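Structural characterization, general
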Amino acid sequence: MALLEIRNVVRRFASFTAVDGVSLSIEVGEFFTLLGPSGCGKTTLLRMIAGFDAPDEGDLLLDGQSLRGIPPEQRPIHTVFQSYALFPHLTVAENVAFPLRMAKVVPDEIRRRVQEALASVHLLEKQKHLPHELSGGQKQRVALARGLVNRPRLLLLDEPLGALDAKLREDMQMELINLQKTVGVTFIFVTHSQAEALALSHRIAVMNQGRVEQLDEPSRLYGFPRNRFVADFIGKINMLDATVTAVAADRLLLEVAGVGAVSAPLKAGVQSGQTGVFAVRPEQVQLLAEHADAPAAANEVRGRILDFLYIGDVTTYLVQLSDGTRLEALLPNSAPGRAKFFEAGDPVILRWSAEVGVFLHE
Amino acid sequence: MSKLAPATITRWVVSGPPTLFMLLFFLAPSLIMVLASFRYPGAFGGLAPVFGGGRPGEDTGLTLENYQFFFSDLLYTEIFLKSLLIALISTLACILMAYPLALLIARSPKRHRDLMVLLVILPFASNFLIRVYALMILLGPQQALASTINGVLAAFGCAPVSLLFSTFAVVVGMVYVHLPFMVLPLYTNLEKHDPTLLDAAQDLGASAWSRFWRVTFPLSLPGIFSGSALVFIPVLGMFAIPDLLGGTRDILIGNLIKDQFLGTRDWPFGSMLSIMLTVVVLALAGLAARLGQRKRDGGN
């Protein structure tokens, strides 16, 4: 039995439907992520799981029991708020002790478990400080310790890394993964950052306009986006208008705008004559100098470098094809001091194998 | 000569006039009063000269007699204690009535709050004395309120009571006049509370009762403290309300001081009482600050 089952949940506000028929099952011990742009309904769904909002239709079941009518304070579910919501008048230790006090745990036990929880987030030496004396990352860890201290069945994290700077965010991602592994509590993580979702989650539900567009493991979501929205939202991708010309035994033959004939991997349900887009990730596209000597690939097209963006580890090149279509490709700057391989205006060849890319039906 | 930075000049130009005003009209009279408390009263009121001969029957020079007289008669200490007690009761009553009101305003939709605050301070738009006279009418023996209460008392065989000219009436008047001074700082405090904190408390298992006592109330203590100061201190010095609503036994420090200046015309004794009052208030404020500090240190 799933730990949390969301059954066909609908939530409407005056003029729009925030959550529009979502069904999900979340398993024990999972690090599950709700990913989507702002307004996609992920926060509304989270508030319904926590108990601050109720579905208009459908039901939420925890361990097979309906959560209908159970107020937040009686659900074995805790939330880590985006703003951390630490009690400013209580010390770090008192903040962490709060849920234990509410559960009427005996004082000795409270003291022991607070120490344990603070040790797990490396904040023992800060226990007598007030929240305003802590840095953003430390507040974040106190909020985590407070949420986990009395072992909820489920911990909800509402964009908890949003307020941290980039470097700290990466460190916290590592800590979150390790913490979740150690404590074994099921996490539901809400974010609009696809990078965060890919790095942290066991499974991700990509949400858009109140619906789940795709539910999958990170690598499958990235490698096999089901539709245009998911392809576009997760990572960078080149999308070119395409028509299916033939469905062969082992591949699809497409007519792609600006490129011509392209071989792409087979996909169930695709038929000859369908229109849509051919999507291929920049890192799957090989970029070669015009006269380079390299084994021919299934798909090839010529173009000129229009522009490039030096990011550090890689440089992204924007290539313009003869008909004006633009494609992105990237090359790692592995040689020391190497910033770029091409200049704007250089003629280049783009190549990719028949195993990469995906056809997305309209 | 050192050059003055433009910022320094600006600071003095801006803060100069109010500083000068306070020096002239607050500090100077206070010092005059301190001096007066060590002098003798003039034969026809006012003060006897410090140097040189006074009128026949006048003592001149400086004296501690006023202070000695205060401590020689327990009557004054008793009036001080009674005033402190009434101020304390009025302050507590204000807290009990202002808190729910301030909370209601702070949790109302934003567009209604300004109107509600306006209603709270609306009584200030009419004259204070007129409002106290209105209270006299309301509490009067022939009025519905007194008749009802005495009717109920009579039914149980009790003697009728007088609402007006009693300590009760004094406290009612004090609370009525000072309530807005408690509501406003409390509202200002409660309005700033982050509602997410209550969500977090609820999420972590706190009932409505716990959410109030463990989150809202402790966070509102600064509001309660400033409101209490704004009520307690004026109530302690108030003379008009005990004059109008109190009975003959409801003499408070304020009345005592007023009588020294306007009735007995013993300015030195009045000044001394006034200084004693200031000392008591400052001592209480210091004590409260010390307690607040200890609580904060204790938390660490």
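Everything numeric in this text was worked out from a predicted model, so none of it was measured.

Concerning the interface of chain A and chain B
Between chain A and chain B, the residue contacts involve 22 residues of the former and 20 residues of the latter. Summed over both partners, the interface of chain A with chain B buries about 1,900 Å², with 64% contributed by carbon and sulfur atoms. Sorting the residues of chain A by area buried against chain B places Glu-73, His-89 and Met-102 of chain A first, and these three jointly supply 30% of that buried surface. Where chain A touches chain B, the interface holds two salt bridges. Across the pair Arg-211 of chain B and Glu-73 of chain A runs a salt bridge, and its minimum N-O distance is 3.9 Å. In this structure, the connection of chain A to chain B is made through four residue pairs in polar contact (both at pLDDT 80 or more). Every element with two or more residues in the side of chain A that touches chain B is listed here: α1 (42–50), β6 (77–80) and α2 (92–102) of chain A. With four residues, α2 of chain A is the single largest residue contributor to the side of chain A that touches chain B. Looking at the side of chain A that touches chain B residue by residue, the classes come out as twelve nonpolar, five polar and five charged.

Overview of the domain arrangement of chain A
All names here are of chain A. Here chain A is described as being made up of domain 1 (4–229) and domain 2 (236–361). For domain 1 and domain 2, the distance between their C-alpha centres works out to 39 Å. Listed per partner, the contact involves six residues of domain 1 and seven residues of domain 2. Here domain 1 packs against domain 2, burying approximately 620 Å² in sum over the two surfaces, 54% of which is carbon and sulfur. Summed over the shared surface of domain 1 and domain 2, the result is zero salt bridges. When grouped by side-chain class, the residues that make up the side of domain 1 that touches domain 2 number three nonpolar, one polar and two charged.

Section: the layout of surface pockets
Residue and element names in this part refer to chain A. Space inside the second largest pocket adds up to approximately 320 Å³. Around the second largest pocket, the lining is made up of 17 residues, and of these Glu-116, Ala-117, Ser-120, Leu-179 and Val-183 lie nearest the centre. For the lining of the second largest pocket, the elements supplying multiple residues, two or more each, are α3 (107–120), α4 (136–148) and α5 (166–183). The residue inventory of the lining of the second largest pocket, partitioned by class, reads eight nonpolar, four polar and five charged.

What about the confidence of the model for chain B?
Counting all residues, the mean pLDDT for chain B is 87, and 95% of those residues have values of 70 or more. Per-element averaging of pLDDT across chain B places helix α12 (residues 267–299) of chain B at the bottom with 81 and helix α8 (residues 195–203) of chain B at the top with 96.

What counts, and where the lines are drawn
Residues numbered from 1 in each chain as written. Chains lettered and ligands numbered in written order. Predicted model: local features only at pLDDT ≥ 70, side-chain atom pairs only at ≥ 80, totals over all residues. Heavy atoms only, no water. Contact = heavy atoms within 4.5 Å. Buried area = accessible area lost by both parts, 1.4 Å probe. Salt bridge = Lys/Arg side-chain N within 4 Å of Asp/Glu carboxyl O. Polar contact = N/O pair within 3.5 Å; in protein donor to acceptor, adjacent residues only side chain to side chain. Helix = DSSP H or I, 4+ residues; strand = E, 2+ residues; numbered from the N terminus. Nonpolar A, V, L, I, M, F, W, Y, C, P; charged D, E, K, R; others polar. Domains from an automatic or database assignment. 1 Å grid on protein atoms, 1.4 Å probe; cavity = no way out; pocket = protein on both sides within 12 Å on 5 of 7 lines; lining within 4 Å. Points joined across faces, edges and corners; volume = space filled by probe spheres on them. pLDDT = per-residue confidence, 0-100.

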